[in-house]
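Overview (structure and organization)
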Amino acid sequence: MQTPLIAGNWKMHKTLAQARDLVKGIRDAVDGTGGGAPITAAEVLVCPPFHLLFPMAKALAGSRVMLGAQNAHFEPQGAFTGEIAVPMVKETGCTHVIIGHSERRQHFGETGPLLAKKVRAVVAAELTVIYCVGETLDEREGGKTYSVIERQLGEVLAKDVPAERLLVAYEPVWAIGTGRNATPGQAQEVHSLIRSRLSAIYDGRTAGTIRILYGGSVKPGNAADLMSQPGVGGALVGGACLEAADFAAIIRAAVGARSQAR
Ligand code: PGA
C-alpha cells in the first residue's frame, strides 16, 4: 500500500507570524518535537502563499514536512508581471507544485493547454506536480462527472510527464470549502476512473504507483473514512490545514485508516 501524502493548501491565508506558529505546530506533531511520537507513516506537505516560501523553508529545516507552491508560470523567466517561475519556487526549497486547482481554473481562466505547459515546466525542473481535476455541481448533476475528469486528464497528461513526478488530486468543485465532502464511495468511484485513465496513458503497473489524493472539505472527522478507501493515496486539505491541531488530526487519521486497511 502506498504511503499517504497529506498536503495542506493554505491558499491566500497567513501572515508571517501566523505562518510561523502554524508550521511550528505541524512540525511538533510530525517530527515528534512537541513531545508525542513522530508520525512516520505519512508524507506531509505544506503549500503556503509565495511570500512565505523562503521563511517556511527555513522554519522547516531538518523537518520531515515538505514544502510546495500553489501555482507557477510555465516560462522559466521573462516579462510576466505578477507571476512566479518554477525555478524560482524551486530555489526556495519547494519539492512540489500544485497545478490546475479549480480556483485557478474558475477565477483565473486556466484551461487545459496552459495547464499542460505548467505541468511540463514543473517536471522539467525535477519537481513533483500535484495536478488537480474535479467536476462542478452542475456537471455532476448533469451526469458529466466522468467526461469532465477524462477531459481534464486527457488534455494535460501524457506519457512524457514522468509518472514518478506526478500526483493527481481529485477535488470535486462542489466539495471545496463548502463543508460538503464527497462520500467515500463517490471519491473511490472517481479515483478508480482516474486510475484507469492513467493506466491508458502509462500502463497498469506504472499507473498503480501514482498517488491519487482526495480533496474537498477533508476534516478530522471524515479523514479516516475517506483515507481508508482503496485507491485514495492521501488528501489535499484546504480550510482544515490552517490550524495545526486539525491538520495533525487529519494526518493521524490517515495513518490510522491505512494501517487498519492493511
Ligand atoms: P477545502 O479545500 O479543504 O477547504 O475544501 C480543498 C482545496 O481546495 O484544496
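Please refer to the structure placed before this passage.
A brief look at the structure comes next. (Residues numbered from 1 in each chain as written. Predicted model: local features only at pLDDT ≥ 70, side-chain atom pairs only at ≥ 80, totals over all residues. Heavy atoms only, no water.)

1. Considerations on the overall build of the protein chain
Each helix and strand in the protein chain was counted, giving 11 helices and 8 strands. Whereas a compact globule of 262 residues would reach a radius of gyration of roughly 18 Å, the protein chain reaches 17 Å, a difference of no more than 12%. When the backbone C-alpha atoms are referred to their principal axes, the protein chain occupies close to 50 × 45 × 35 Å. By the burial criterion, 53% of the 262 residues in the protein chain qualify as buried. Sequence separation of at least 24 residues holds for 71% of the intrachain contacts in the protein chain that already meet a minimum separation of 6. For the protein chain, the exposed area adds up to about 11,200 Å²; of that, 53% sits on carbon and sulfur atoms. Both charge centroids of the protein chain, one from 27 positive and one from 24 negative side chains, sit 3 Å from each other. (Helix = DSSP H or I, 4+ residues; strand = E, 2+ residues; numbered from the N terminus. Rg over C-alpha atoms; globule rule 2.2 N^0.38 Å. Buried < 20%, exposed > 50% of the residue type's maximum accessible area, 1.4 Å probe, protein only. Contact = heavy atoms within 4.5 Å. Areas by Shrake-Rupley, 256 points an atom, 1.4 Å probe, with all protein chains shown as cover. Lys, Arg positive; Asp, Glu negative; His and termini not counted. Charge placed at Lys NZ, Arg CZ, Asp CG, Glu CD.)

2. Some details on the nonpolar core
One finds Trp10, Tyr131, Leu166, Ile194 and Leu198 to be the most contacted residues of the largest nonpolar core, which totals 76 residues. Of the residues forming this core, the biggest block, 8 residues, is contributed by helix H11 (residues 244-261). Excluding residues that lie within four positions of it along the chain, tryptophan 10 makes contacts with Ala19, Leu22, Val23, Val46, Cys47, Pro48, Pro49, Leu52, Met56, Gln70, Cys241 and Leu242. Counting 11 residues, the second largest nonpolar core, distinct from the first, contains Leu45, Ile98, Leu213 and Leu236. (Core = buried A, V, L, I, M, F, W, Y, C linked by side-chain atoms within 4.5 Å.)

3. Here we look at the sheet that holds strand E1 (residues 5-9)
One closed barrel holds the 8 strands; their spatial order is E1-E2-E3-E4-E5-E6-E7-E8, and the pairing between them is parallel. On average, each strand axis in the sheet is inclined to that of its neighbour by 25 degrees, with strand direction left out of account. The pairing of strand E4 (residues 96-99) with strand E5 (residues 128-133) spans 4 bridges and is classified as parallel. Of the residues in E5, the one forming a bridge with valine 97 is valine 129. (Pairing = 2+ DSSP bridges. Axes fitted to C-alpha atoms, helices over the stretch in contact; angles between N-to-C directions.)

4. Quick look at the pattern of salt bridges
All told, the structure shown has 9 salt bridges when counted by the stated rule. Here glutamate 155 makes a salt bridge to arginine 151, at a shortest N to O gap of 3.4 Å. Within the structure, one salt-bridge network assembled from shared partners comprises Arg104, Glu110 and Lys118. (Salt bridge = Lys/Arg side-chain N within 4 Å of Asp/Glu carboxyl O.)

5. Digging into unusual backbone geometry
Positive phi outside glycine occurs at lysine 11, with the angle close to 50 degrees. One non-glycine residue, glutamate 126, adopts positive backbone phi at about 60 degrees.

6. Side note on the site of the ligand
Around the ligand, 13 residues are found, and the nearest of them are Lys11, His101, Glu171, Gly177 and Ser217. Note that an oxygen atom of the ligand is positioned 2.7 Å from one of the side-chain N or O atoms of lysine 11. The backbone of glycine 177 places a nitrogen or oxygen atom 2.6 Å from an oxygen atom of the ligand. (Near = heavy atom within 4 Å. Polar contact = N/O pair within 3.5 Å; in protein donor to acceptor, adjacent residues only side chain to side chain.)

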